[in-house]
Amino acid sequence: MKNPLPFSLCMAGLRMPALAACILLSLLSGRRSAGELTDQEWKKIQAELNAAFQGNDAEAKIAAVSKLAKADDARALPLLAGTVKLANAQLAVAVKQEADLRKAIDKIPFVQEGDKRRYEKAEDMERLKELQEGLKTVQEGITALLKVKRIALGGFTSKTDGKALDWLFAKGLQNPDWEVRVGVVEAMAEIKDEARAGACIVTALSDKDPHVRVAALSAAMAKDLKTERQKYLAMLKDREWEVVAQALEVIAGFGYRDAETVDALIEGLCAAEGRAAEDYEKVLEKITGLSYYGDGKLWQKWWKDNRSKFAPAEGAPAPAGKEGFKGDPAPEPAPVPRPEPGKPHITGSFYGIETKSHNIIYVLDVSGSMAGPATRRAREGEKPGPVITGEGEKKKGDEPKDEGPTGNTKLDFVKYELKKSIRLLSQKAWFNVIFYSDHFEIWQEEMVRANPQNKQKAYEFIDKQGPNGTTNIFDAMEKAFKMAGPGKPKEQADERYAQTMGGADTIFLLSDGSPNAGRVPEAGAILEEIAKLNKLRKITIHTVGVGDHNVPFMQKLAEQNDGKYVKAD
């Protein structure tokens, strides 16, 4: 490979042993604690770690960080934090390299022949091979860096030494890096010192970073901190929807059934839009056994009539019936007709999966197998529905010219269903589209409003897609996780960990096969990686399978991310 793009944990732009030494050695000094390691053992760990981070061997770095993470010694903790900082700096460079390589690959001219690409010039084929090899190397490095970080952060949890715990309690939440503070909070969920761990978690509920607040709410559940109900209710007014979603999960998990909690939930529902309304509705349904499909006015009316009958039962599990009411059971409300797609309660629908979300990304398969014949045929008289503007009325001006699929391939039908779904989006909604095969192509680098003009541009982008290549699900999904949300500049995207708070809250993933390409090509590994990515993000992932797809994978991906799975044909 000519002039390969260099990658290691000390990459171009960071290939400076002095940088690693500066960060690490500055952390090695300080008063020795009474940990289990002898001075000789500790010096050996220091030497191995420093040597590994000045070299190019990813496995050596992983091994050195693993030893450090296992060391039950207070001196290891600031060094673990420094390792995360160094890995993050290198990861930022790697992510940029990966993006540059993708752009370079996309610029190589080709001719589309059926479901395959043909490169006419030998030099283009050679260049493509070089770039693909470079991309593979960079992606392997990114995977190694993420592993280094996770091992380092996990090292906070394994500490039992008294002075190591003292460091965590006294200094852990003072670290400037939110990932380190998240690691400390997650360690609190495992630490046996209940009083100090609980106090640390409660402090983290007010952390300036939303990632830490989400982690603190999760840790509060693990530590069974039911007495902090007022704090959880206050967090329903947090500015980040991910924090609100986790607070609702905590409230539902603890099963609070007092009137004040219901007051807060109904108030929150009335102010909520999109995905948040779904989350509030789920919790209210669990607490009361009733559902009004997210209609705040109907909830207010019911609560006005029944609040006096609702018995405080803080901390009690959610009931199966109406045992929480005083006296006679509260009257069951009259049946409420389920709203049709397009009415104010429902923002959109894709393959029959309805959503109230106002922040949606579609991630769709255009691999070579999508050129195969579709087994589903258009229903007789099937036509696109009305364009929804948020009030349920019909509007002209952005309707596709055709009234059905343009052909009989799987991709033809997917394009048709995608256009129908985009048509239903309220103008309050923001959306984006990512198509993937062995690589991915994103429509816009930021989420855009679902206005008629943008919908028409999306249709044009959809029409240009053709089937080709293999099935790289993970890279496309990781990109979806990195999308900056409405009103947030693209530069606020946290590229180092795909943890952009305020991004899309709902993803529709469609595939007709099984993952077999990309940075994480195996189905089981993708489930694990997305679970890690989504631990703090709380994104709902709905999955749609067409043709001969990997049913267990698609079902599990939806299940573990609070979504729905649909087999389309």
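See the structure printed just above.
Computed from a predicted structure; not experimentally measured. (Residues numbered from 1 in each chain as written. Predicted model: local features only at pLDDT ≥ 70, side-chain atom pairs only at ≥ 80, totals over all residues. Heavy atoms only, no water.)

Participant: Please provide a residue-by-residue account of unusual backbone geometry, values included.
Facilitator: Notably, Tyr293 is not glycine yet its phi reads approximately 55°, a positive angle. Examined against the element boundaries, Tyr293 turns out to sit in the loop between helix H13 (275-288) and helix H14 (296-306). (Helix = DSSP H or I, 4+ residues; strand = E, 2+ residues; numbered from the N terminus.)

Participant: Summarise the environment of Lys85; cite the residues concerned and give the values.
Facilitator: Relative to the helices and strands, Lys85 resides in helix H4 (residues 76-107). By relative accessible area, Lys85 is classed as exposed at 54%. Residues Lys85 and Pro176, spaced 91 residues apart in sequence, show a C-alpha to C-alpha distance of 10.0 Å. (Buried < 20%, exposed > 50% of the residue type's maximum accessible area, 1.4 Å probe, protein only.)

Participant: Now, about helix H19 (residues 551-559): what can you tell me, with residues and values included?
Facilitator: All buried positions along H19 are accounted for by Phe553, Met554, Leu557 and Ala558. The arc that holds the buried residues of H19, viewed along the axis, is 125°, so those residues lie on one side. Opposite the packed face of H19, turned more than 90 degrees from it, sit the exposed residues Pro552 and Glu559. Elements that come into contact with the buried residues of H19 comprise helix H17 (473-481), strand S9 (506-511), helix H18 (523-537), strand S10 (540-545) and strand S11 (565-567). (Arc of directions from axis to C-beta. Contact = heavy atoms within 4.5 Å.)

Participant: How would you summarise the packing of aromatic side chains if you had to cite specific residues and measurements?
Facilitator: Tallying each qualifying case throughout the model produces eleven aromatic pairs. Taken together, a centroid distance of 6.0 Å and an interplanar angle of 35° make the contact between Tyr232 and Phe254 tilted. Residue Tyr232 is found in helix H10 (residues 229-234), and its partner Phe254 is found in helix H11 (residues 241-254); the two are separated by 22 residues along the sequence. Residue classification places Tyr232 among the buried positions, given a relative accessible area of 0%. Aromatic side chains Phe350 and Tyr362 sit 5.5 Å apart centroid to centroid with 75° between the ring planes, which places their arrangement in the edge-to-face category. (Phe/Tyr/Trp six-rings, centres within 6.5 Å; stacked < 30°, edge-to-face > 60°.)

Participant: Describe the nonpolar core, listing the residues and the values that go with them.
Facilitator: Ranked by internal contacts, the top residues of the largest apolar core, which has 100 residues, are Phe156, Leu168, Met188, Tyr232 and Leu236. The element best represented in this core is H4, accounting for 13 residues. Those residues in contact with Phe156 that lie beyond four places of it in its chain are Leu77, Leu80, Ala81, Trp167, Leu168, Val180, Gly183, Val184 and Ala187. Counting 30 residues, the second largest nonpolar core, distinct from the first, contains Ile442, Phe481, Ala504 and Ile530. (Core = buried A, V, L, I, M, F, W, Y, C linked by side-chain atoms within 4.5 Å.)

Participant: Kindly report on the packing of helix H3 (residues 58-70) against H4, identifying the contributing residues and their values.
Facilitator: Packing of H3 against H4 leaves a shortest axis separation of 9 Å and a crossing angle of 145°. Crossing angle aside, the handedness with which H3 passes H4 is left-handed. Together, Val65, Leu68 and Ala69 of H3 and Ala76, Leu79, Leu80 and Thr83 of H4 make up the contact between the two elements. Split into classes, the residues belonging to the contact of H3 with H4 amount to six nonpolar, one polar and no charged. (Axes fitted to C-alpha atoms, helices over the stretch in contact; angles between N-to-C directions. Left-handed = near helix turned anticlockwise from the far one by under 90°. Nonpolar A, V, L, I, M, F, W, Y, C, P; charged D, E, K, R; others polar.)

Participant: Requested: an account of the pattern of salt bridges, with residues and values cited.
Facilitator: In this structure the tally under the stated criterion is 32 salt bridges. Arg150 is the salt-bridge partner of Glu529, the closest N and O atoms lying 3.0 Å from each other. Linking Glu529 in helix H18 with Arg150 in helix H5 (residues 122-154), this pair joins segments that are 379 residues apart in sequence. Overall, Glu529 belongs to the buried group, its relative accessible area being 14%. A salt bridge links Asp279 to Arg275, with the shortest nitrogen-to-oxygen separation between them at 3.0 Å. Of this pair, Asp279 and Arg275 both sit in helix H13, four residues apart, which is roughly one turn of that helix. A single burial state applies to Asp279 and to Arg275, both of which are buried. (Salt bridge = Lys/Arg side-chain N within 4 Å of Asp/Glu carboxyl O.)

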